[in-house]
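The chain contents come next:
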Amino acid sequence: MKKTLLIAFFPILLIACAKPTGFDYLGIRNIKVVKLGFKESTVAAEVGYYNPNKYPVTMKRAEVDVYVNNSYFGHSLLDSTIKIPRKDTFYLPVTLTVNMSTTAMSLLQSFGGGQDEVLIKLDGKARIGRGGIFINYPIKYEGKQKLQF
């Protein structure tokens, strides 16, 4: 009898413990310069994602390095718990510390030169899960993005 119950509940257990799939990157919106300095500046934005999972997940932490036009632009750390709804779009508030070196200056020059599109690359990891079980999930994205300040 116990073996029959175990065999009957095994498929449900497998579905409940399924590894969450990654989020689909949608883009960046609401870019704001929070603090402008000669050596270091702070930029805030909202990064949009879509959760394709059939269940809600929780994100505990995310760390991302941002590259613009193949040059390191800055680092972002999101160290809070966020509940992400199932099969829905969500936006993460991101604060990016930017070293105002040649990378930031070249970005400003490209906008001054009439370019409104840049190559954005995200490389990092996020801690996501559900039911108390969390995994480190890689964040990888590369694509063209129109930026509007």
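Just so it is clear, the model here is predicted, and its values are computed rather than measured. (Residues numbered from 1 in each chain as written. Predicted model: local features only at pLDDT ≥ 70, side-chain atom pairs only at ≥ 80, totals over all residues. Heavy atoms only, no water.)

## Remarks on the overall build of the chain
- The secondary structure content of the chain amounts to 2 helices and 8 strands.
- Beginning at the N terminus, the succession of helices and strands in the chain can be written as α-β-β-β-β-β-β-α-β-β.
- By residue count, 34% of the 149 residues in the chain fall in the buried class.
- For the chain, long-range pairs separated by at least 24 residues make up 63% of all intrachain contacts whose partners lie at least 6 apart in sequence. (Helix = DSSP H or I, 4+ residues; strand = E, 2+ residues; numbered from the N terminus. Buried < 20%, exposed > 50% of the residue type's maximum accessible area, 1.4 Å probe, protein only. Contact = heavy atoms within 4.5 Å.)

## Examining the packing of aromatic side chains
- What the rule picks out here adds up to 6 aromatic pairs.
- A ring pair is formed by Tyr 25 and Tyr 141, whose centres lie 3.9 Å apart and whose planes are at 35°; its orientation type is tilted. Note that Tyr 25 is positioned in strand E1 (residues 24-35) and Tyr 141 in strand E8 (residues 133-146), a separation of 116 residues in sequence.
- For Tyr 141, a relative accessible area of 23% corresponds to the partly exposed category.
- Against the face of Tyr 91 rests Arg 29, its NZ or CZ located 3.5 Å from the ring centre.
- Its end group placed over the ring of Tyr 67, Lys 121 keeps NZ or CZ at 5.4 Å from the ring centre. (Phe/Tyr/Trp six-rings, centres within 6.5 Å; stacked < 30°, edge-to-face > 60°. Lys NZ or Arg CZ within 6 Å of the ring centre and 35° of its normal.)

## A closer look at the environment of Pro 85
- Checked against the element boundaries, Pro 85 lands in the loop between strand E5 (82-84) and strand E6 (88-99).
- For Pro 85, a relative accessible area of 32% gives the class partly exposed.
- Separated by 35 residues in the primary sequence, Pro 85 and Tyr 50 have C-alpha atoms spaced 9.4 Å apart.
- Sequence-distant contacts of Pro 85, that is, excluding residues within four places in its chain, are made with Asn 51 and Pro 56.

## Some thoughts on the nonpolar core
- Phe 23, Tyr 49, Met 59, Val 66, Ile 84, Leu 92 and Leu 122 are the most contacted members of the largest nonpolar core, which has 29 residues in total.
- The set of elements that each furnish at least two residues to this core consists of E1, strand E2 (40-51), strand E3 (57-68), strand E4 (71-78), E5, E6 and strand E7 (117-130).
- If you tally residues by element for this core, the top one is E3, at 6 residues.
- In this structure, Tyr 49 is in contact with Phe 23, Asp 24, Tyr 25, Leu 26, Asp 88, Thr 89, Phe 90, Leu 92, Leu 122 and Ile 139, ignoring residues within four places of it in sequence. (Core = buried A, V, L, I, M, F, W, Y, C linked by side-chain atoms within 4.5 Å.)

## So, the side chain of Ser 76
- On the secondary structure map, Ser 76 appears in strand E4.
- Given a relative accessible area of 8%, Ser 76 falls into the buried group.
- Side-chain polar atoms of Ser 76 contact the backbone oxygen of Thr 95, separated by 3.2 Å.
- Ignoring sequence-local partners within four residues, the contact set of Ser 76 consists of Ala 62, Glu 63, Val 64, Val 94, Thr 95 and Leu 96. (Polar contact = N/O pair within 3.5 Å; in protein donor to acceptor, adjacent residues only side chain to side chain.)

## A word on the confidence of the model for the chain
- Summary statistics for the chain give a mean pLDDT of 78 and a share of 75% for residues scoring 70 or more.
- Element-level mean pLDDT values for the chain span from 47 in helix H1 (residues 2-16) up to 90 in E5.
- Per-residue pLDDT stays below 50 along residues 8-15; that stretch engages in 1 contact with residues further than four places along the chain or on separate chains. (pLDDT = per-residue confidence, 0-100.)

## Here's the deal with the pairing of E8
- For E7 and E8, the ladder comprises 14 bridges, and the chain directions are antiparallel. Opposite Leu 119, over in E8, you have Lys 144 as the bridge partner.
- In this antiparallel pair of consecutive strands, E7 and E8, the connection spans 2 residues, and Gly 131 shows a positive phi of 65°. (Pairing = 2+ DSSP bridges.)

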